[in-house]
Amino acid sequence: MLPLDLLFSRAFSEDPYAVYDELRASGPVHPIDFPPGATAFLVVDHEHGRAALTDPRLSKDSSYSTVPVNAELFFGGTMLAMDPPDHTRMRGLVAKAFTGRRVERLRPRVQEIADGLLDGIAARGGADLIEELAVPLPIQVICELLGVPASDRARFREWTAVLTVPALTAEARERRRAAARAFNDYLLAVIAERRARPEDDLVSGLITARDGGSALTEAEMLGTVALLLIAGHETTVNLIGNGVLALLRNPGQLELLRTRPELLPAAVEELLRFDGPVERASQRIALEDMEIAGTPIPKGAWVHVSLGAADRDPAVFESPDRLDVTRAPKGHVAFGHGPHFCLGAPLARLEGQIAIGGLLDRFPDLALAVPADELRHHRTGSIVRGLVSLPVRV
């Protein structure tokens, strides 16, 4: 069994792929001690992981769990915690407001924000790319999209840091509850303001979205806005940070991408595959006794799919531990797969291309300002994977 202390260890946080390689060599499904007291399994190959993400026998509704789940208010109202037909209805309503056309209209504004941040980095001769590019770019974009003040971004980061990490102690659970209450109160005020005075933003669009006679309930509105704020910046923060670090550690690939900028869209897909922003998909609960790859999964058991492990599966990707910006990593699951595929993926891709492309174009001498082995990933045990900081010289 993969023990909890390993899953939450610093060594695992820094290099989970070595552990996944060892696990995959002995089978695609392994018992895991998470959450404590539950029967749980981790899927570490691409074939069975991808299949599990679409298996109707695996529910996203944690009420089917055999152990208590400490879920704060807004998580219960998000699409992440729903199965069809509720998930289908809610996703359809959100998609009516969060359209590809609305995202594409953001391109000039994303470019403008990124250029301003890059100007600041150039003037200083260096930066912590996490705090001075990877964080402020997507937070400002998602705040403008939703119509909430970007000046509140420090609070969003603080809430996100608490709400995306499992709460395993009484003290951690209380911090989580307090963060959820504060976040909920903030968002309820934003929603009430938009109901009274609609504007041309996503929150107003969610309020007015209709599918026949169906509309989002207040709890669903709250959950959706919370999810968009958290996922709308957290994914891109880690896409930019992990992606730039991967290129700096592979200077030949960095130079190839710099000299062939037409490779950028495909390169971002490869960076997502190589070291994606979400290490593990949110849990699923078995609705019945079943099997995955011959492993019995009892009713009520938790099933975790490691997206990072699936995207390093040598059965699907040749030399998966090698970064190759010319690769076409078709079928990667960095944004998930199936009904719960990340709704914000187009926005994350757009921001990643603009940020990484801008760095390579503006700074031919871009380099790490500290030894690579001094860099640290954060949030051990979280489903997300990202760097604490990324100091560079330009």
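Remember, it's a predicted structure, so these values are computed and weren't measured experimentally.

Cut-offs applied
Residues numbered from 1 in each chain as written. Predicted model: local features only at pLDDT ≥ 70, side-chain atom pairs only at ≥ 80, totals over all residues. Heavy atoms only, no water. Helix = DSSP H or I, 4+ residues; strand = E, 2+ residues; numbered from the N terminus. Rg over C-alpha atoms; globule rule 2.2 N^0.38 Å. Buried < 20%, exposed > 50% of the residue type's maximum accessible area, 1.4 Å probe, protein only. Core = buried A, V, L, I, M, F, W, Y, C linked by side-chain atoms within 4.5 Å. Contact = heavy atoms within 4.5 Å. Salt bridge = Lys/Arg side-chain N within 4 Å of Asp/Glu carboxyl O. Pairing = 2+ DSSP bridges.

1. A short note on the overall build of the protein
Move 1: The helix and strand tally for the protein stands at 18 helices and 10 strands.
Move 2: Taken over the C-alpha trace, the protein has a radius of gyration of 21 Å; the compact-globule value for 394 residues is 21 Å, and the two agree within 12%.
Move 3: Projected onto its principal axes, the C-alpha positions of the protein cover 60 × 55 × 40 Å.
Move 4: By the burial criterion, 56% of the 394 residues in the protein qualify as buried.

2. A look at the nonpolar core
Move 1: With 90 residues, the main nonpolar core has Leu137, Phe183, Leu206, Leu229, Leu247 and Leu390 as its most contacted residues.
Move 2: Here the element with the most residues in this core is helix α14 (residues 218–248); it accounts for 16 residues.
Move 3: Every residue in contact with leucine 206, bar those within four places of it in the chain, is listed here: Val94, Ala97, Leu216, Met221, Thr224, Val225 and Leu228.
Move 4: Among the nonpolar cores identified, the runner-up in size contains 19 residues, and Ile32, Phe34, Val67 and Ala309 belong to it.

3. Looking at the pattern of salt bridges
Move 1: Applying the stated rule across the entire model yields 25 salt bridges.
Move 2: Two residues, arginine 175 and glutamate 171, come together in a salt bridge whose shortest N-O distance is 3.4 Å. Of the two residues, arginine 175 and glutamate 171 both sit in helix α12 (residues 170–196), four residues apart, roughly one turn of that helix.
Move 3: Using a relative accessible area of 57% as the deciding quantity, one classes glutamate 171 as exposed.

4. Observations concerning the sheet that holds strand β2 (residues 40–43)
Move 1: Spatial ordering of the open sheet is given by β1-β2-β8-β5-β3, a layout of five strands whose pairing is mixed. Looking along the sheet, the strands with just one partner apiece sit at the ends: β1 (29–31) and β3 (58–59).
Move 2: One ladder, built from two bridges, connects β3 with strand β5 (residues 284–286); its direction is antiparallel. Looking across to β5, one finds that serine 59 is bridged to isoleucine 285.

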